[in-house]
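Residues per chain, in single letters:
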Amino acid sequence: MFIGLANTWVAILLMMIGLYIVIAQGNLIKKIIGLTLFQTSVFIFYISMAKVEGGTAPIFSSDISIYSNPLPHALILTAIVVGISTTALALSLIVRIKEAYGTIEEEEIQGLDEEQD
Amino acid sequence: MLLKDLFAVTMLLSIYGLLSATFFVAMDAVDVAFTEASVGAGISTLLLLVVISVTGRRERRVRHKPYAALFVVILTSMLLVFGTSDMPYFGSADAPIHNHVAPRYLNDSMQEINVPNIVTAVLASYRAFDTFGEVVVIFTAGIGVLALMSVSSKALSKSQPLNRPRGLYEQHLVIRIVAKTLFPFIFLFALYVQFHGDFGPGGGFQAGVIFAAAFILYAMLFGLDAATKVIKPAVIELLAALGVLLYGSVGIVTLLNGGNFFDYDYLLADPIAGQHLGILIIELGVGITVTCVMIMICFGFSLRRRAYEQKVAIRPKEGAV
């Protein structure tokens, strides 16, 4: 009955795992990994929406009539590369935090900040 | 996640990236799978490993009651699942997404652009302005990493650390020689992906990541000093900007020829030839920028890590202020 919606539920499950990691984990690298999972769930959602029953990859050929939707592919293709660039930026911030505080645990950083005040 | 070893977490993420790439192949998104395989399983793992080598492999666990987070997550997921009840079913051809702009791309792109890979046509011609924005974002992220990670060369050359652990490139002769024979093929493959993107899966984004992977592999096997001799950081920074400039200048040329921004029909007398030329040049611009930004990011992290190690080696007590 609702089995046709399973692709969105899988995307939601992955997204919620990512969200949970971002909220509950104190380690900054794990937070970044959670964000990456969140991001991938959106990719999976888009790409699974683009699939057409019986279609093939959107590369033109004279003996094929049904193609999957090329537009989400173009969007997600660029999103992946932009995603890694922004992840790199976040990671470089983490390295600077490590150099400044000597730790990448959220609790300890907050503790050090409060000590200073 | 119950794992405390961040190395294991990174490896799992890499496997996850590879698995999602195979999923994208099953969903007919070959271009996306290509990118995800090289980025998700390759570059992002590498970056995480470099960062972990600076920040420490072990997580110091602080136990909390996760109820508040669980409550938020479960509430959000219930709302989202409730929202899916109106969604079209998986694979149905009459879903709204397939009936709005996609038919035009599928039906007319062969006449208008004459590029068999429709994803490339959409990416590089119909939505060239979007892609320009993405390239600028990548370039900006590269500048950001550079600004955060830059180390003055004076501080680096002042003193080599006394007892640096020997790198991979000094220990493993076999790996070094095998990898050396592989480089021409990696570059050939990257060039193929770059220029065959019109006809099959590929294009500037994928080729850029593969090119960067070759240089990063070189840096891993032969050391950062050898790699910076092969390609100087200043040259990389210049080329990254040049790629964006190349892309943008195509748009300016079409403007000057009387068309809209990125309307390649006006590049040459023949619209189809103009489209092909425009796509070729902007894919080249994308490839150059992505390659250089990825190399820039990896070199930046590695240099910073070395500077940090030196700082800790010189002043072990003050290392973590």
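Residues numbered from 1 in each chain as written. Chains lettered and ligands numbered in written order. Predicted model: local features only at pLDDT ≥ 70, side-chain atom pairs only at ≥ 80, totals over all residues.

## Digging into the overall build of chain A
Phase 1 of the analysis: A count of helices and strands for chain A gives four helices and zero strands.
Phase 2 of the analysis: Each helix (α) and strand (β) of chain A, taken in turn from the N terminus, gives the series α-α-α-α.
Phase 3 of the analysis: Relative to its length of 117 residues, chain A is extended, with a C-alpha radius of gyration of 20 Å against a globular reference of 13 Å.
Phase 4 of the analysis: Based on the C-alpha atoms only, the size of chain A along its principal axes is roughly 70 × 35 × 15 Å.
Phase 5 of the analysis: Per-residue burial over chain A gives 55% buried out of 117 residues. (Helix = DSSP H or I, 4+ residues; strand = E, 2+ residues; numbered from the N terminus. Rg over C-alpha atoms; globule rule 2.2 N^0.38 Å. Buried ≥ 20, exposed ≤ 12 C-beta atoms within 10 Å, placed from the backbone.)

## Description of the overall build of chain B
Phase 1 of the analysis: Tallying secondary structure elements over chain B gives 13 helices and zero strands in all.
Phase 2 of the analysis: Each helix and strand of chain B, ordered N terminal to C terminal, gives the series α-α-α-α-α-α-α-α-α-α-α-α-α.

## Concerning unusual backbone geometry
Outside of glycine, negative phi angles account for most residues, and trans bonds account for most peptide bonds.
Residues and elements named next belong to chain B.
Phase 1 of the analysis: In this structure, D28 takes a positive phi of about 70 degrees despite not being glycine.
Phase 2 of the analysis: Examined against the element boundaries, D28 turns out to sit in the loop between α1 (6–26) and α2 (30–55).
Phase 3 of the analysis: Note on D28: 22 C-beta atoms within 10 Å, which makes it buried.
Phase 4 of the analysis: Even without glycine at this site, F262 takes up a positive phi of about 65 degrees.
Phase 5 of the analysis: As for its position among the elements, F262 is in the loop between α12 (233–256) and α13 (271–314).

## Regarding the environment of F132 of chain B
All names here are of chain B.
Phase 1 of the analysis: Relative to the assigned elements, F132 resides in helix α6 (residues 128–149).
Phase 2 of the analysis: For F132 and A240, which are 108 residues apart along the polypeptide, the C-alpha to C-alpha distance reads 14 Å.
Phase 3 of the analysis: Once residues lying within four places of it in the same chain are set aside, the contact partners of F132 are Y247, G248 and G251. (Contact = placed C-beta atoms within 7 Å.)

## Quick word on the nonpolar core
Most often, soluble globular proteins keep nonpolar side chains buried together rather than apart.
Phase 1 of the analysis: In this structure, I47 of chain A together with L47, V51 and I295 of chain B are the most contacted members of the largest nonpolar core, which totals 114 residues.
Phase 2 of the analysis: Of the residues that make up this core, three or more belong to each of domain 1 (1–59) and domain 2 (115–321) of chain B.
Phase 3 of the analysis: In this structure, L47 of chain B is in contact with A88 and L91 of chain A together with I297, C298 and F301 of chain B, ignoring residues within four places of it in sequence. (Core = buried A, V, L, I, M, F, W, Y, C linked by C-beta atoms within 7 Å. Domains from an automatic or database assignment.)

## Quick look at the interface of chain A and chain B
Note: interface size is frequently given as the accessible area lost on complex formation between the parts.
Phase 1 of the analysis: Contact with chain A, which involves 66 residues of that partner, is made by 74 residues of chain B.
Phase 2 of the analysis: Secondary-structure elements contributing two or more residues to the side of chain A that touches chain B are α1 (6–24), α2 (28–50) and α3 (70–101) of chain A.
Phase 3 of the analysis: It is α3 of chain A that provides the largest number of residues to the side of chain A that touches chain B, a total of 24 residues.

## Examining helix α5 (residues 118–126) of chain B
Phase 1 of the analysis: With nine of nine residues buried, α5 of chain B lies mostly within the body of the structure.
Phase 2 of the analysis: Among all positions of α5 of chain B, only I118, V119, T120, A121, V122, L123, A124, S125 and Y126 of chain B are buried.

## Notes on the packing of helix α9 (residues 173–195) of chain B against helix α10 (residues 204–222) of chain B
Residue and element names in this part refer to chain B.
Phase 1 of the analysis: Where α9 contacts α10, the two axes come as close as 9 Å, and the packing angle between them is 165 degrees. Taken together, the axes of α9 and α10 are roughly antiparallel relative to one another. Handedness of the crossing formed by α9 with α10: left-handed. In contact with I175, R176, A179, F183, I186, F187, F189, A190, V193 and Q194 of α9, α10 contributes G204, Q206, A207, I210, F211, A214, L217 and L221.
Phase 2 of the analysis: When the residues that make up the contact of α9 with α10 are grouped by side-chain class, the tally is 14 nonpolar, three polar and one charged. (Axes fitted to C-alpha atoms, helices over the stretch in contact; angles between N-to-C directions. Parallel < 35°, antiparallel > 145°, perpendicular 65-115°, else oblique. Left-handed = near helix turned anticlockwise from the far one by under 90°. Nonpolar A, V, L, I, M, F, W, Y, C, P; charged D, E, K, R; others polar.)

## So, the environment of F71 of chain B
All names here are of chain B.
Phase 1 of the analysis: Looking at the element boundaries, F71 is found in helix α3 (residues 67–83).
Phase 2 of the analysis: Residue F71 is classed as exposed on the basis of its C-beta count, with 10 C-beta atoms lying within 10 Å.
Phase 3 of the analysis: Sequence separation between F71 and I186 is 115 residues, and the spatial gap between their C-alpha atoms is 48 Å.

## Looking at the confidence of the model for chain A
Phase 1 of the analysis: For chain A, per-residue confidence averages 90 on the pLDDT scale, and 98% of positions sit at 70 or higher.
Phase 2 of the analysis: Looking across chain A, the model is least confident in helix α4 (residues 106–116) of chain A, with a mean pLDDT of 89, and most confident in α2 of chain A, with 94. (pLDDT = per-residue confidence, 0-100.)

## Here we look at the confidence of the model for chain B
Parts of the prediction with low pLDDT should not have their coordinates interpreted in detail.
All names here are of chain B.
Phase 1 of the analysis: Per-residue pLDDT for chain B has a mean of 86; in total, 89% of the residues score no lower than 70.
Phase 2 of the analysis: In this model, residues 317–321 is a region of pLDDT below 50 whose contacts with residues beyond four sequence positions or in other chains number four contacts.
Phase 3 of the analysis: If you check the scores for this complex, the pTM reads 0.89 and the ipTM reads 0.92.

## Describing the packing of α2 of chain A against α1 of chain B
Phase 1 of the analysis: Between α2 of chain A and α1 of chain B, the shortest axis-to-axis distance is 12 Å and the interhelical angle comes to 5 degrees. Overall, the two elements α2 of chain A and α1 of chain B adopt an arrangement that is roughly parallel. Contacts from I29, K30, I33, T36, T40, I44 and I47 of chain A in α2 of chain A reach L6, V9, L13, S20, F23 and F24 of chain B in α1 of chain B.
Phase 2 of the analysis: Per-class residue counts for the contact of α2 of chain A with α1 of chain B are nine nonpolar, three polar and one charged.

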